[in-house]
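# Summary of the model geometry
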Amino acid sequence: MGKLAFLLMTSPYSFQNSDTVIKLANAALKAGHEVTGIYLYTDGVYNNVNTIKPSDDRDRNIAELFKELAAKGVKVVACPICAEYRGTQNNDLLLEGTNFDGLGALSEFVEDSDRILIFTA
Amino acid sequence: MEKVIVIFRKGPYGQINSLEGIRVAQGLLVLDVETDAIFIDDGVFNLIKNQKPDGIGHHSVIGALESMHRYDIPIFACESSLKQRGIKPEDLDSGLEVKIISIQELSDLLLLADATIAL
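Read on for an overview of the structure.

Calculation notes
- Counting restarts for each chain: residues are numbered from 1 in the order of the written sequence.
- Note on labels: chains are lettered from A, ligands numbered from 1, in written order.
- Local features in a predicted model are, by the rule used here, given only for residues with pLDDT of at least 70; side-chain atom pairs are given and counted only at 80 or more, and totals for whole chains, interfaces and linings are based on all residues.
- Helix and strand definitions here come from DSSP, where helices need a minimum of 4 consecutive H or I residues and strands a minimum of 2 consecutive E residues; each element is numbered from the N-terminal end.
- Each residue is classified by how many other C-beta atoms fall within 10 Å of its C-beta atom, where C-beta atoms are placed from the backbone; a count of 20 or more means buried, 12 or fewer means exposed, and values in between mean partly exposed.
- C-beta atoms are first placed from the backbone for all residues, and any pair lying within 7 Å is then listed as a contact.
- Throughout this entry, Asp, Glu, Lys and Arg are counted as charged residues, while Ala, Val, Leu, Ile, Met, Phe, Trp, Tyr, Cys and Pro are counted as nonpolar. The remaining residues, Gly among them, count as polar.
- Being paired, for any two strands, means DSSP has found at least two bridges between them.
- For the handedness criterion, the strands are oriented away from the viewer, and a crossover whose path from the first strand over the helix to the second runs clockwise is classed as right-handed.

Examined against the element boundaries, S14 of chain A turns out to sit in the loop between β1 (3-8) and α1 (17-30). Classification of S14 of chain A by C-beta neighbours within 10 Å gives partly exposed; the count is 15. Residues S14 of chain A and A121 of chain A lie 107 residues apart in sequence; the distance between their C-alpha atoms is 9.7 Å. If sequence neighbours within four positions are ignored, S14 of chain A has contacts with Q15 and I16 of chain B.

This is the structure:
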């Protein structure tokens with residue numbers, strides 16, 4: 001069984017990347033692989049903001065889907081400096097089960113994984 | 001503002017541009033602005049029939065385009081963009097009543113518009 005890590009660099013809803021990361025991570029877990037972590041970098045830090053709320057309630061709530069992954073034991077980590085730049089480095093906005101940690105956390109994900117999948121614009 | 005053209009340049013999924021273009025067009029309708037929708041480059045992929053995006057958790061762009069078209073927004077597609085991508089007229093969703101136009105006709109349309117919004 002393999003070990004996967006994800007690097008997500010785009011905001012939710014504007015791109016399909018967030019959906020792809022969520023679906024791939026869930027599929028990998030279901031297949032018995034390990035997901036070492038999901039690192040939210042640059043605009044990716046908008047994915048674990050707990051005020052995300054689609055105005056169409058039939059639409060998927062991407063933050064909730066990341067919360068579910070975190071509840072399955074997947075580390076979902078956002079870059080604190082990227083969040084600071086964007087005004088979202090605020091523990092009141094931080095999605096339950098996720099946290100802020102610097103690029104050292106990303107390098108640990110890379111070191112601990114067989115593959116890192118990178119999602120950018 | 002009398003006439004606005006919304007230009008769709010990206011494919012239907014992968015990024016939000018198409019759905020937002022449709023929202024912009026609907027907003028213009030509310031303001032009673034005459035609006036055309038032009039599909040060029042990868043934008044022509046929006047018009048292909050039988051799209052089934054449920055599996056990726058996205059709204060159907062075709063459904064949204066059909067509802068936009070029902071409110072009298074004409075839909076134009078660039079002939080050369082279709083040809084470059086091997087898309088034939090019969091591949092397009094018939095409910096959209098797509099008018100296929102040449103680059104020359106497209107330029108004429110653009111020159112008549114007071115504003116264009118390209119997404």
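There is more to say, and it comes next.
What follows concerns the interface of chain A and chain B. The accessible area lost on association of the parts is a frequent measure of interface size. Across the boundary between the two partners, chain A contributes six residues, which contact six residues of chain B. Of the residues in the side of chain A that touches chain B, the class split is two nonpolar, two polar and two charged.

Okay, the pairing of β1 of chain A next. Residue and element names in this part refer to chain A. Buried residues dominate β1, accounting for five of its six residues. Where β1 and strand β2 (residues 34-40) come together, six bridges link them in parallel fashion. When the bridges of β2 are listed, A5 appears paired with G37. As a crossover connection, the stretch from β1 through α1 into β2 is right-handed. Pairing geometry for β1 and strand β5 (residues 115-119), over five bridges, is parallel. Each residue of the ladder has a partner; that of L7, found in β5, is I118.

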